[in-house]
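Survey of secondary and tertiary structure
Below are the chains, spelled out letter by letter.
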Amino acid sequence: MIKNRILICLLLLIMIPCAVCQSYFTVPQNVWRVSISSKSMSGDWLGANGAKEVGKEEISLLNYTDTLFNLNSSTIQGLLIESRIRNAEILTSIVEYGFSEKSTIHLKIPYWTNYFEDKSWKWETEIDNDTESDAIIDKIINYYHPQRRHTTGFGDISIGMKFLLFGVPAWSAKGVYSAYAGFTVQIPSSRPLIQYKFTNEGRPSQFGEVTMGSGTTLWKFALFGEFYKKALERLFTINWFTELIFSSRAVLNTPIFFPGLQETNPDSLAERIGLTYFYKKGTGLRGELSGAFDLWPNRITLKGTQSWYYKNQDQFISKDIDWDNRMTSYDGYDTKQIQISQSFVVYLNNLDPIKRIGPIPFIIEIGVKVPLLTRNKYNSFQKWIGFTTYYQWW
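For every chain, the first residue of the written sequence is number 1, and numbering continues from 1 onward in sequence order. It should be noted that, the model being predicted, local features are given only for residues of pLDDT at least 70 and side-chain atom pairs only at 80 or more, the latter also being counted only at that level, while totals for whole chains, interfaces and linings use all residues. Each side-chain value is worked out from all heavy atoms of the structure, with water and hydrogens disregarded.

With that settled, consider the overall build of the protein chain. Secondary structure follows DSSP: runs of H or I at least 4 residues long count as helices, runs of E at least 2 residues long count as strands, and numbering of each begins at the N terminus. Scanning the protein chain from N- to C-terminus turns up four helices and 19 strands. In terms of overall dimensions, the protein chain has C-alpha extents of about 80 × 45 × 35 Å along its principal axes. For the protein chain, the proportion of its 394 residues judged to be buried stands at 48%. In the protein chain, the share of contacts with a sequence separation of at least 24, taken over all contacts with a separation of at least 6, comes to 73%. For the area figures, the Shrake-Rupley method with a 1.4 Å probe applies, and any residue is considered shielded solely by the protein chains shown. Here the protein chain has roughly 19900 Å² of accessible surface; of this, 59% comes from carbon and sulfur atoms. His is not counted, nor are the chain ends; Lys and Arg add positive charge and Asp and Glu add negative charge. Charge coordinates come from a single atom per side chain, which is NZ of Lys, CZ of Arg, CG of Asp or CD of Glu. Between the mean site of the 41 positive side-chain charges and the mean site of the 37 negative ones, the protein chain shows a separation of 15 Å. Exposure is judged per residue with a 1.4 Å probe applied to protein chains only, and the accessible area is read against the type maximum: over 50% gives exposed, under 20% gives buried, and values in between give partly exposed. In this analysis, two residues are considered to be in contact whenever any of their non-hydrogen atoms come within 4.5 Å of each other.

With that settled, the discussion passes to helix H3 (residues 266–273). Along H3, the positions that sit buried rather than exposed are Pro-266, Asp-267, Leu-269, Ala-270 and Ile-273. When H3 is viewed along its axis, its buried side chains cluster within an angular range of 160 degrees and face the same direction. Looking at the buried positions of H3, the neighbouring elements they touch are helix H2 (133–144), strand E11 (276–280) and helix H4 (321–328). Any N or O atom pair separated by 3.5 Å or less is treated as a polar contact, with the protein-specific requirement of one donor-capable and one acceptor-capable atom, and with residues adjacent in sequence counted only for side-chain atom pairs. By the N-cap criterion, in which a side-chain oxygen at the helix start approaches the backbone nitrogen of a residue two or three places on, H3 is capped by Asn-265, the distance to Asp-267 being 3.0 Å. The positive-phi residue at the C-terminal boundary of H3 is Gly-274, with phi of around 105 degrees. Here the arc refers to the directions that run from the helix axis out to each C-beta atom.

The next subject is the nonpolar core. We define the nonpolar core as a collection of buried residues of types Ala, Val, Leu, Ile, Met, Phe, Trp, Tyr and Cys that are connected through side-chain atoms lying within 4.5 Å of one another. If you look at the biggest cluster of nonpolar residues, it comprises 30 residues, and the most contacted ones within it are Ile-76, Leu-80, Ile-137, Tyr-144, Ile-256, Phe-258 and Trp-323. Residue assignment for this core shows that the elements contributing at least two residues are strand E2 (55–66), strand E3 (71–100), H2, strand E10 (250–253), H3, E11 and H4. Here this core gets six residues from one element, more than from any other, and that element is H2. When neighbours within four sequence positions are excluded, Ile-76 is seen to be in contact with Ile-59, Ser-60, Leu-61, Leu-71, Trp-123, Ile-127, Ser-133, Ile-136 and Ile-137. Formed by eight residues, the second largest nonpolar core is a distinct cluster that contains Val-27, Val-31, Val-345 and Tyr-347.

The subject of this paragraph is the sheet that holds E10. Strands are labelled as partners when DSSP assigns at least two bridges between them. A sheet is described by the order of its strands in space; here three strands give the open sequence E10-E11-E14, paired in antiparallel fashion. Single-partner strands in this sheet number two, and they are E10 and strand E14 (315–317). This sheet shows a mean twist of 35 degrees between the axes of neighbouring strands, independent of strand direction. Taken together, the three bridges between E11 and E14 define a ladder with antiparallel strand orientation. Comment: axis = line fitted to C-alpha atoms, over the contacting stretch for helices; angle = value between 0 and 180 degrees taken between N-to-C directions.

Turning our attention to H2. Here a helix's expected span is defined as the number of its residues, less one, multiplied by 1.5 Å. For H2, with 12 residues, the first-to-last C-alpha span of 17 Å sits near the 16 Å given by 1.5 Å per residue. All buried positions along H2 are accounted for by Ser-133, Ile-136, Ile-137, Ile-140, Ile-141, Tyr-143 and Tyr-144. Seen from one end, H2 has its buried residues packed into an arc of 160 degrees, which puts them on one side. Buried-residue contacts for H2 involve E3, strand E4 (103–125) and H3.

Here Gln-382 is to be found in strand E19 (residues 377–392). What makes Gln-382 buried here is its relative accessible area of 14%. In this structure, the C-alpha to C-alpha distance between Gln-382 and Ala-250, residues 132 residues apart in sequence, is 30 Å. With residues up to four places along the chain from it excluded, the contact list for Gln-382 reads Lys-39, Ser-40, Met-41, Gly-367, Val-368 and Lys-369. A polar contact is formed between the side chain of Gln-382 and the side chain of Lys-39, at a distance of 3.3 Å.

Spelled out as structure tokens, the structure:
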């Protein structure tokens, strides 16, 4: 019985149409597409004006006392400028299933194998002959913000479905166009920020953490499609994609940090802001336009994509309205985000049942993504390699 099932699986693998490609939006009925990709990214945070800084904050502590930092009627005035760099590696698994000829369900599971975030600060004092504020600011910043923070773990898992609205999918090798609608739910499955615990000694563990997700459920609604034509034994395709992203409101643990409010003691900050707050991510809009063609029929496909992303301001509600406003935007920083990027991908296809190497159909994907315009977001250069295979089972 087991031998017969294995034989049937191998026969079905051979019968999968060779036109199926990772660049297509859906797969045929009862076909599974399993993809695994490894991506690395590195880049600086670019602020509202495009500079390599998160923002600028005025610090004004007049006759201020805080025994935690040995401040006794001290006066500190100046400008604090933050910079960030992120280096990360992520392993993403995607499983798709052709529920019917017109619909495909998909599950996406990201896992951050490395996530490094480096923060640095520049202090510009406004007091003449000030020789003490540099050391004091360094002590406070080092307490709240360890320079290099690292974590690993699962990102936010997504599950959804795509529907054919009209036309014929390109993998069928018939027709010239198709259009789809899609719905995806992104679940906040990444490790959340732990709640701050009041303490009089040492540094709270929350200060060494870095989060890898927004903490909210995202609802994504998409319209997309493709135009395609075969000429000179080569398939040429143009794909378009638009997506609206809405966020649910969530209750999250409050990040306690300096600067932000004219207060240095973490217990006082937690008491003033509250240990939790309401958060809603701003509505986002994402768009893509791509073109692909077979450089070598049934072997090598080249694809270029330009991507656009816009997100409106986030909403914060805590016990302190000044903190809410500061979290939304301040000088040089805004939760409103814009990014335009360009990607290039090479697909190495091993799908043709006659020319295929080995019994298993697969595609190897190699790609890079270069940011062209970034505001209030990491300006990351990305590179990745992926492996995709297909099989049929019901």
